[in-house]
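So the chains spell out like this:
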Amino acid sequence: DEHELSDMMHAALCFVSATAVLDAEGDVERARHFLALARRHGVQAIVVLTMCDVVDDECGRTPRAVHTSEAVSTARRTLASLLHVPLNTVVPVKTYCSEFTRSAQVDALSLAVLKAALNNAADLLRRRYNQRYERFSARQQRRQLRRQKQQQQQQQQQQQQ
């Protein structure tokens, strides 16, 4: 049945610790179940790979290193493979709780996660809108054909009289 757009799930974030990537029994298994639920609702979830600074010390010193770190890259590929998701949906971040002062680089990583989630939500809304528009358009065409047939029948009846 049709639900209102405001009642539907538009985006989903799934958080998995980089230290737990090899723990298929724990976090990864819970993430699999969550992602399966999101997929049933037609949502491609963003997987946030947290605690990258624990996996690679360089990420702790330079937050942007999450994009160049071999250890983080390996964790991303492994997690994407375990969860059966595209690599571009696994977004690495540095742990914010280890920060004593605000950092623009850490903020940028966090905002990248939000941007990815919003992009996925926008894609989902476009797909759903297009499906609804196509159904609406098909209904409109059927109504128009019925009206044309009715008009033709009325004209034939008038000509016969």
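Everything discussed here concerns the structure shown above.
Presented here is a report on the structure given in the accompanying data block. (Residues numbered from 1 in each chain as written. Predicted model: local features only at pLDDT ≥ 70, side-chain atom pairs only at ≥ 80, totals over all residues. Heavy atoms only, no water.)

**Overview of the nonpolar core**
Logical step 1: In terms of nonpolar packing, the biggest core is built from 33 residues, with Val16, Leu35, Val47, Leu49, Leu79, Leu83 and Val90 touching the most fellow members.
Logical step 2: Excluding residues that lie within four positions of it along the chain, Val90 makes contacts with Val47, Leu49, Arg76, Leu79, Ala80 and Val85. (Core = buried A, V, L, I, M, F, W, Y, C linked by side-chain atoms within 4.5 Å. Buried < 20%, exposed > 50% of the residue type's maximum accessible area, 1.4 Å probe, protein only. Contact = heavy atoms within 4.5 Å.)

**Digging into the pattern of salt bridges**
Logical step 1: Under the counting rule described, the total for this entry stands at two salt bridges.
Logical step 2: Arg32 is the salt-bridge partner of Glu29, the closest N and O atoms lying 2.6 Å from each other. One end of the pair is Glu29 and the other is Arg32, both in helix H1 (residues 27–40) and three residues apart, which spans about a single turn.
Logical step 3: Residue Arg32 is classed as partly exposed on the basis of its relative accessible area, which comes to 27%.
Logical step 4: When the shortest N-O distance is used, the salt bridge between Arg77 and Glu70 registers 3.5 Å.
Logical step 5: Judged by relative accessible area, which is 54%, Glu70 ranks as exposed. (Salt bridge = Lys/Arg side-chain N within 4 Å of Asp/Glu carboxyl O. Helix = DSSP H or I, 4+ residues; strand = E, 2+ residues; numbered from the N terminus.)

**Structural notes on unusual backbone geometry**
Peptide bonds are trans in most cases, and residues, glycine excluded, mostly fall at negative phi.
Logical step 1: At Met51, a residue that is not glycine, the phi angle is positive and equals roughly 60°.
Logical step 2: Checked against the element boundaries, Met51 lands in the loop between strand S2 (46–50) and helix H2 (52–55).
Logical step 3: Its relative accessible area of 30% is what places Met51 among the partly exposed residues.
Logical step 4: Phi at His84 is positive, roughly 60°, even though this residue is not glycine.
Logical step 5: Locating His84 in the fold gives a position in the loop between helix H4 (70–83) and strand S3 (90–92).

**With respect to a positive patch on the surface**
Logical step 1: Together, Arg139, Arg142, Arg143, Arg146 and Arg147 give the surface a local cluster of positive charge.
Logical step 2: Here Arg139 shows up in helix H5 (residues 104–160).
Logical step 3: Exposure remark for Arg139: the relative accessible area of 38% places this residue in the partly exposed category. (Patch = residues over 30% accessible without salt bridge, like charges linked within 9 Å, V, L, I, M, F, W, Y side chains within 5 Å. Areas by Shrake-Rupley, 256 points an atom, 1.4 Å probe, with all protein chains shown as cover. Lys, Arg positive; Asp, Glu negative; His and termini not counted. Charge placed at Lys NZ, Arg CZ, Asp CG, Glu CD.)

Scope: geometric values only; no functional claims are made or implied.
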